[in-house]
Amino acid sequence: MVRSVQHDMLPQSTHDDVARQQFVVALKQGLNRSIRSSNKRLFEEVVAPEFAARTGATPDDRDTIRGAMYSHPAYRGWSTMHRSAQELMWTSVADVVARDTERLQQQAARLTQPAKRRGSLELDPSVQAPRGVANLDIHLQTGGYMMNRSPEDVAAGALYEVGGNLYAFGQGLGKHDSKAAHVQRFLAEKFPDLKPERILDMGCSAGSASVPYALEFPDAEVHAIDVAPAMLRYAHARAESLAAAVHFHQRDAADTKFPDSYFDLIVSHNMMHEIPDSTRRGMLKESWRMLAPGGVAVHQDVPLQFKGLSEFQKFEMSWDTLNNNEPYWEVYASADLAADAKAAGIPDAQVYVGNLPQATQSLPWFVTVITKPAA
Ligand SMILES: C[S@@+](CC[C@H](N)C(=O)[O-])C[C@H]1O[C@@H](n2cnc3c(N)ncnc32)[C@H](O)[C@@H]1O
């Protein structure tokens, strides 16, 4: 399934909205591709020599590099524009969603009518989101993931889907780059005999990854969990509009309440870099507990691990923590996922941590794979 799939829950953009969104994507592509790539040269040819001349020392750790780079107007200029482009991206979507709110809510009600629906939605207001998720507009998303202004609110999901796509295109990712499709190819190649009867998608957001599994395995019982209620309402209606039977639940990935050995396939997509250490470790433990014998868990995420990176690359990665409200970006980058899996009681031999093969206009997505031996 492609990244920019069309369905009845998409907010309706006017010609002017689309022009604005295309401008933001072009601006982001310029800032990401042309200028960002010259930041290293700026450091090596200008900033580091000037720093050495001034202090007699070499800027050789992430924090010193950051201080030296921010003292240069060219880097400060790039950083300011990069932040502004992210803000512009969200307003170019938030205006559309705000204008279309009533129609979107009506669509959701129509699509999820009891007589018609294939899946379901279970909300539980007692579920707590991690502090950095509950109290912050992660990557500057308008209102944050937990925005929930009424019992019909679906805006967080609409914002996430449309803004997320613009973000990906601004990074140069193609329309055909779908994270679920990468994992599905990996599963087909490495586990050709896997025919899951029950599937779980953790941290599903708008359900963009949950739907492809439900369509690929139409006989499976598919569940998806998230802590954000308006995200889940949107995801449910979106899945119905794509004729996918998915059961959405407001639950914590570190305490899912599903029975032991319940799932043959557990997945998460781009979730690990947005949760604290404790939730990540909890979700690995839950994955092991919930996997049936012969089952597989694939936790896919951004290729963002500090291991083997230079101090300059680490400094570059810290941009999102400092400027883009990504409190767990570096938490994830510094994590030792194999050690986490071991601490969760998973034997070494049942864990694979590494990259997926890179497709055209795609990232070399990173995965933590857990397999449970057949009984
Ligand atoms: C980057 S989004 C995931 C994207 C999504 N999987 C996709 O493929 O489009 C991270 C999601 O994790 C959810 N989340 C954060 N903490 C969670 C937790 N403890 N349990 C379940 N979901 C959580 C957030 O609400 C958010 O929707």
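The notes below deal with the structure included here. (Residues numbered from 1 in each chain as written. Predicted model: local features only at pLDDT ≥ 70, side-chain atom pairs only at ≥ 80, totals over all residues.)

1. A few points about the nonpolar core
Heads up, the rule is: When buried Ala, Val, Leu, Ile, Met, Phe, Trp, Tyr and Cys residues are joined through C-beta atoms within 7 Å, the set is termed a nonpolar core. Counting other C-beta atoms within 10 Å of each residue's C-beta, where C-beta atoms are placed from the backbone, gives the exposure class: buried for 20 or more, exposed for 12 or fewer, partly exposed between. Under the scheme used here, helices are H or I runs from DSSP no shorter than 4 residues and strands are E runs no shorter than 2 residues, and both carry numbers assigned from the N terminus. Here the contact rule is simple: place C-beta atoms from the backbone, and any two residues whose C-beta atoms are within 7 Å are in contact.
Among the nonpolar cores identified, the biggest contains 81 residues, and Ala156, Ala158, Met231, Tyr234, Ala235 and Ile266 are the most heavily contacted of them. Residue contributions to this core peak at 8 residues, all from helix α6 (residues 155–170). With near-sequence residues (within four places) excluded, Ile266 lies in contact with Leu200, Met202, Ser287, Met290, Leu291 and Ala297. Phe51, Ile65, Ala68 and Phe315 belong to the second-largest nonpolar core, a separate cluster that totals 7 residues.

2. Considerations on the packing of helix α1 (residues 15–55) against helix α2 (residues 62–70)
Defined as follows: Fitting a line to C-alpha atoms yields each axis, with helices limited to the stretch in contact; the angle taken between N-to-C directions then spans 0 to 180 degrees. If an angle is under 35 degrees, it is roughly parallel; if it is over 145, roughly antiparallel; if it lies from 65 to 115, roughly perpendicular; otherwise it is oblique. Charged residues are taken to be Asp, Glu, Lys and Arg, nonpolar residues to be Ala, Val, Leu, Ile, Met, Phe, Trp, Tyr, Cys and Pro, and polar residues to be all remaining types, Gly included.
Remark: α1 packs on α2, axes separated minimally by 10 Å, with the N-to-C direction vectors making an angle of 100°. By the angle class used here, α1 and α2 are roughly perpendicular. Side by side, α1 and α2 meet where Phe43, Val47 and Phe51 of the first sit next to Ile65, Ala68 and Met69 of the second. Split by residue class, the contact of α1 with α2 holds 6 nonpolar, no polar and no charged.

3. Focus: the site of the ligand
For clarity, the threshold we go by: Any residue whose C-beta atom, as placed from the backbone, lies within 6 Å of a molecule or strand is termed near it.
As a structural note, the neighbourhood of the ligand is formed by 24 residues, with Gly203, Ser205, Ala209, Ala253 and His269 the closest of them. When its residues are assigned to classes, the shell around the ligand shows 14 nonpolar, 6 polar and 4 charged.

4. With respect to the packing of α1 against helix α3 (residues 73–99)
What counts, and what does not: Throughout, a crossing is termed right-handed when the near helix is turned clockwise from the far one, and left-handed when it is turned anticlockwise from it by less than a right angle.
The interhelical angle for the contact between α1 and α3, taken along N-to-C directions, is 160°, at an axis separation of 9 Å. The pairing of α1 with α3 is recorded here as roughly antiparallel in orientation. α1 and α3 meet at a crossing whose hand is left-handed. Residue-level inspection shows Asp17, Arg20, Gln21, Val24, Leu27, Lys28, Leu31, Ile35, Asn39 and Leu42 of α1 in contact with α3, the latter providing Ala74, Tyr75, Trp78, Met81, His82, Ala85, Leu88, Met89, Ser92 and Val96.

5. A few points about the sheet that holds strand β4 (residues 246–250)
Picture the strands of a sheet paired through backbone hydrogen bonds; they go either parallel or antiparallel. Going by this rule: The criterion for strand pairing is that DSSP finds at least two bridges linking the strands in question.
What the 8 strands build is an open sheet, ordered β1-β4-β3-β2-β5-β6-β8-β7; its pairing is mixed. What marks the edges here is a single partner per strand, and that holds for β1 (120–122) and β7 (351–355). Here the strands of the sheet are splayed against their neighbours by 15° on average, with no regard to which way each runs. Sheet topology places β7 next to strand β8 (residues 366–371); 5 bridges connect them, and they run antiparallel. From the neighbouring strand, Val351 faces β8, where its bridge partner is Ile370.

6. Here we look at the pairing of strand β2 (residues 198–202)
Basically, it comes down to this: Crossover handedness is defined by viewing with both strands directed away from the observer: a clockwise path from the first strand over the helix to the second marks the crossover as right-handed.
Across the 5 residues of β2, 4 count as buried, placing the element largely inside the fold. Sheet analysis places β2 next to strand β3 (residues 221–226), joined by 5 bridges and oriented parallel. Paired with Ile199 across the two strands is Val222, which belongs to β3. Each parallel crossover has a hand, and the one from β2 via helix α8 (residues 210–216) to β3 is right-handed. Pairing of β2 with strand β5 (residues 263–269), which is carried by 4 bridges, proceeds in the parallel orientation. Following the sheet pairing, Met202 is matched in β5 by Ser268.

7. Some points on unusual backbone geometry
If you check the backbone angles, Lys257 has positive phi at about 70° while not being a glycine. Owing to 11 C-beta atoms within 10 Å, Lys257 belongs among the exposed residues under this scheme. A positive phi angle, close to 45°, is found at Asn325, a residue other than glycine. Considering the arrangement of structural elements, one finds Asn325 in the loop between α11 (311–323) and α12 (329–333).

8. What to know about the environment of Tyr332
The residue Tyr332 is located in helix α12 in this model. Tyr332 gets classed as buried once you count the C-beta atoms within 10 Å, which come to 23. A sequence separation of 76 residues divides Tyr332 from Thr256, and the C-alpha atoms of the two residues are 21 Å apart. Filtering out sequence-adjacent residues up to four positions away, Tyr332 remains in contact with Met272, His273 and Leu304.

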